[in-house]
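What follows is each chain in one-letter form.
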Amino acid sequence: MFALGLTGGIGCGKSAVADLLVARGAVLIDADAVAREVVLPGQPTYAALVQRFGPGIVGVDGTIDRAALAACTFKDPAALGDLNALTHPPIGIEMLGRLAAERDTDHVVVLAIPLLRAEHRETMGLDAVAVVDCPFDEALRRLVEIRGMDPTDARSRIAAQPSREERLAGADVVVDNSGPPGQLPAEVDRLWRWIDERRRVTVRP
């Protein structure tokens, strides 16, 4: 197994890169998808969130309304801290369990983590970290024009994440997604070749 941490700022195209890697044979463990699963009705984290933030975060279908939850926490550091304390441990446990199931395979396992930090290298046993990168203005344009976000909200969400410089400083390899969508497959092909070369010299105990 070769474990690749994949990260990138909002609007940079991390999900698109993850999909292209899966098309090339990688196994994806997506932190965002796991985050949605651990707060489904019936899960312990669901009840804990409703108890902490109130019934207003529950949508008409009975699931957690992520937009309502974000509104409760985005500008309140204490509330955000509580949210992270309730959700990060079960997300991490689930991701580690899925990773352990791949341990004895020869798969490239991609762990897509939006807020990947240095400590994830050790806790997740990552062999390398890839950062999907694009300039601030391009990320902002995508959020506003493609996702339909309010420009002020988009700027705030970009600002709330680690800076572009911080992400790049932790990268073993960078995927340039500053161009049009048609250029991304070639960048992912380059990344796939890099992974193949890197895994040849990565020896696990």
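1. Examining the overall build of the protein
- Within the protein one finds ten helices and five strands.
- Expected size for 205 residues packed as a compact globule is a radius of gyration near 17 Å; at 18 Å, the protein falls within 12% of this value.
- Expressed as lengths along the three principal axes of its C-alpha atoms, the size of the protein is roughly 50 × 40 × 30 Å.
- Expressed as a percentage of its 205 residues, the buried residues of the protein come to 39%.
- Of the contacts made within the protein by residues no fewer than 6 positions apart, 70% connect residues no fewer than 24 positions apart.
- Here the protein displays about 10,900 Å² of accessible surface, and carbon together with sulfur accounts for 55% of that area.

2. What about helix α3 (residues 44-53)?
- Every buried residue of α3 is listed here: T45, Y46, L49 and F53. Here the buried residues of α3 occupy an arc of 105° about the axis, which is enough to place them on one side. Exposed and facing more than 90 degrees away from the buried side of α3 are P44 and Q51.
- Considering only its buried residues, α3 is in contact with α4 (66-73) and α5 (77-101).
- Once α3 ends, the next one or two residues include G54, with phi positive near 90°.

3. What to know about the pattern of salt bridges
- All chains considered together, the criterion is met by twelve salt bridges.
- The residue R52 makes a salt bridge to D82 at a minimum N-O spacing of 2.7 Å. Separated by 30 residues along the polypeptide, R52 in helix α3 and D82 in helix α5 bring together distant segments of the chain.
- Residue classification places D82 among the partly exposed positions, given a relative accessible area of 31%.
- Here E138 ties to R142 by a salt bridge, and the two come within 2.9 Å at their closest N and O atoms. One end of the pair, E138, and the other, R142, are both in helix α7 (residues 136-146), four residues apart, so they sit about a helical turn from each other. Of the two residues, E138 and R142, neither departs from the other in class, the shared state being buried.
- Overlapping salt bridges bring together E138, R141, R142 and E145 as one network.

Analysis parameters
- Residues numbered from 1 in each chain as written.
- Predicted model: local features only at pLDDT ≥ 70, side-chain atom pairs only at ≥ 80, totals over all residues.
- Heavy atoms only, no water.
- Helix = DSSP H or I, 4+ residues; strand = E, 2+ residues; numbered from the N terminus.
- Rg over C-alpha atoms; globule rule 2.2 N^0.38 Å.
- Buried < 20%, exposed > 50% of the residue type's maximum accessible area, 1.4 Å probe, protein only.
- Contact = heavy atoms within 4.5 Å.
- Areas by Shrake-Rupley, 256 points an atom, 1.4 Å probe, with all protein chains shown as cover.
- Arc of directions from axis to C-beta.
- Salt bridge = Lys/Arg side-chain N within 4 Å of Asp/Glu carboxyl O.

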